[in-house]
Amino acid sequence: MKKFDLAIIGAGPVGLFCANFAHLHGLNTIIFDSLAEVGGQPKLLYPFKEILDIPAYSSILAHELITKLQNDARQHTTFVLNHPVRAIEQSNNEFVIDDDYSVRSVIIATGTGFFSPKKFPLKTNEEIEKRIHYYVKDPQDFAHQKVGVFGGGDSALDWAIEIASQPAAKIKLVHRRNEFRGLESSVTKLKSLKNVEIKTPYLPKSIEIRDNQLNISLKKIGSNAITDEQFDQIIVGYGFRANNQFVKKWGVNLVNNQIEVSRSMETNIPGIYAIGDVTTYSGRVPLIGLGFGEAQIAITTIMRKLFPEKTLTIHSTSI
Ligand SMILES: Cc1cc2nc3c(=O)[nH]c(=O)nc-3n(C[C@H](O)[C@H](O)[C@H](O)COP(=O)(O)OP(=O)(O)OC[C@H]3O[C@@H](n4cnc5c(N)ncnc54)[C@H](O)[C@@H]3O)c2cc1C
């Protein structure tokens with residue numbers, strides 16, 4: 001059994017900052033995320049948007065904020081990714097997570113739940129799957145490629161814009177309606193780019209590998225016309241499902257699927273805390289900066305409980 005002072009469940013912006021603050025106070029911390037990528041909503045849903053309300057940054061791109069938080073945290077925190085936490089069992093004064101990790105305190109930072117992408121709705125195989133992406137880790141990976149972007153929301157539009165700025169990239173944006181759900185300014189920008197073609201209203205009907213390319217048959221909605229398009233890779237921006245089912249099993253009190261917390265961010269189970277978008281209390285707003293403050297309250301409370309004999313240093317300038 002691996003032992004830690006603290007487990008943080010969820011490596012979104014709030015969980016990542018919490019790991020850094022826990023380290024400042026000397027807590028040996030492990031952090032879990034259900035995805036292979038850290039960063040939660042900013043990384044998955046709006047990586048290329050500017051955030052204007054993070055304290056001390058007049059503007060920062062969402063993916064840059066996550067990189068900064070992650071770079072700080074990975075120097076001292078144990079990361080377990082691709083691991084949706086399923087079970088938290090209480091055992092004496094400790095908690096056992098998924099039978100493998102024994103921790104003294106738990107902080108739940110699972111946001112709106114663990115994300116899984118809505119899949120491309122066609123029969124595929126392993127070779128095809130390697131060329132289908134559900135989020136963009138690094139736009140440079142798509143330089144010199146013919147890329148299909150499927151979807152009509154903000155993520156699909158943002159990804160198309162970012163990839164279009166890569167050298168020799170050619171984009172086809174395929175959506176089943178003529179109208180897009182994302183920002184009109186993004187649609188206008190895409191229409192102005194020479195290496196972007198917008199194909200609406202089309203639905204993908206079949207996919208196969210032909211001549212080392214993805215060959216996708218597209219059906220024009222409202223007609224029987226089928227056209228074949230060839231891509232090196234495709235990005236599917238059909239959105240994400242957020243699943244909060246495990247939180248319900250952990251025994252914490254919920255109000256409308258969110259965790260009820262005290263002013264010290266503790267749940268009804270002593271030793272289990274919750275911070276960020278997964279929590280609810282009167283007046284709460286879903287903002288990253290607020291989640292950072294909640295992390296500071298939770299860690300300070302944990303330090304006082306785990307080490308009552310220590311004089312707690314509140315300010316980092318004095319640590
Ligand atoms: C389009 C959009 C724009 C926004 N713009 C702003 C803005 O400008 N400023 C601002 O402050 N806020 C903004 N927000 C809100 C902000 O993104 C959220 O408040 C913030 O992401 C909450 O952070 P979090 O860490 O609590 O949760 P999340 O970001 O939701 O991260 C939770 C993490 O927990 C993981 N997880 C969930 N369940 C499990 C499990 N069982 N086991 C392991 N891991 C799990 C998930 O995979 C995820 O990585 C915006 C949100 C959206 C959707």
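Each residue is numbered by its place in its chain's sequence as written, counting from 1. Local features in a predicted model are, by the rule used here, given only for residues with pLDDT of at least 70; side-chain atom pairs are given and counted only at 80 or more, and totals for whole chains, interfaces and linings are based on all residues. Note that the side-chain values use all heavy atoms of the structure and ignore hydrogens as well as water.

By the naming in an unreviewed UniProt entry, the protein chain goes by Ferredoxin--NADP reductase and is assigned to Lactobacillus melliventris. UniProt positions are given in the numbering used here, feature names are shortened, and annotations may be inferred rather than shown by experiment. The UniProt entry for the protein chain carries the following text under Sequence similarities (unreviewed entry): "Belongs to the ferredoxin--NADP reductase type 2 family." In its Subunit (unreviewed entry) section, the UniProt record describing the protein chain reads: "Homodimer."

Draft legend 1. Representation of the packing of helix H5 (residues 154-164) against helix H6 (residues 184-192) within the structure. Working convention: axes come from line fits to C-alpha atoms, limited for helices to the stretch in contact. Angles between N-to-C directions cover 0 to 180 degrees. To qualify as a helix, a DSSP run of H or I must reach at least 4 residues; to qualify as a strand, a run of E must reach at least 2; elements of each kind are numbered from the N terminus. Relative to each other, H5 and H6 sit at 35 degrees, their axes nearing to 10 Å. Considering how the two elements wind past one another, H5 and H6 form a crossing that is left-handed. Contacts between H5 and H6 involve Leu157, Asp158, Ala160 and Ile161 from the first element and Ser186, Val187, Lys189 and Leu190 from the second. Three classes are used, and their members are as follows: Ala, Val, Leu, Ile, Met, Phe, Trp, Tyr, Cys and Pro are nonpolar, Asp, Glu, Lys and Arg are charged, and the others, Gly among them, are polar. Looking at side-chain class alone, the contact of H5 with H6 contains 5 nonpolar, 1 polar and 2 charged residues. Helix crossings fall into two classes, left-handed where the near helix is turned counterclockwise from the far one by less than a right angle and right-handed where it is turned clockwise. Every residue pair with non-hydrogen atoms within 4.5 Å of one another is taken to be in contact.

Draft legend 2. The sheet that holds strand S14 (residues 202-210), seen in detail. As summarised here, the arrangement of the 3 strands in space is S14-S15-S16, forming an open sheet in which the pairing is antiparallel. Of all strands in the sheet, those bounded by a partner on one side alone are S14 and strand S16 (226-231). When strand polarity is set aside, the average angle formed by the axes of neighbouring strands in this sheet is 25 degrees. Relative to S16, strand S15 (residues 213-220) runs antiparallel, the two sharing 6 bridges. The partner of Leu214 across the bridge, within S16, is Phe231. For two strands to pair, DSSP has to find at least two bridges joining them.

Draft legend 3. Expanded view of the site of the ligand. Taken together, the neighbourhood of the ligand is formed by 30 residues, with Asp33, Tyr46, Asp53, Val85 and Ile288 sitting nearest. Whenever two N or O atoms come within 3.5 Å, that pair is a polar contact, provided that in protein one can donate a hydrogen and the other can accept it, and provided that, for residues adjacent in sequence, both atoms are side-chain atoms. In this structure, Asp33 approaches the ligand through a side-chain N or O atom, which is 2.6 Å from an oxygen atom. Side-chain polar atom of Gln41 to an oxygen atom of the ligand: 2.9 Å apart, as the coordinates give it. Against a free-state accessible area of 1,000 Å², the protein chains account for coverage of 86% of the ligand. Taken together, the elements giving at least two residues each to the shell around the ligand come down to helix H1 (13-24) and helix H2 (40-45). In these notes, residues near a molecule or strand are those with any non-hydrogen atom within 4 Å of it. Under the convention used here, a 1.4 Å probe and the Shrake-Rupley method define accessible areas, while residue burial counts only the protein chains that appear.

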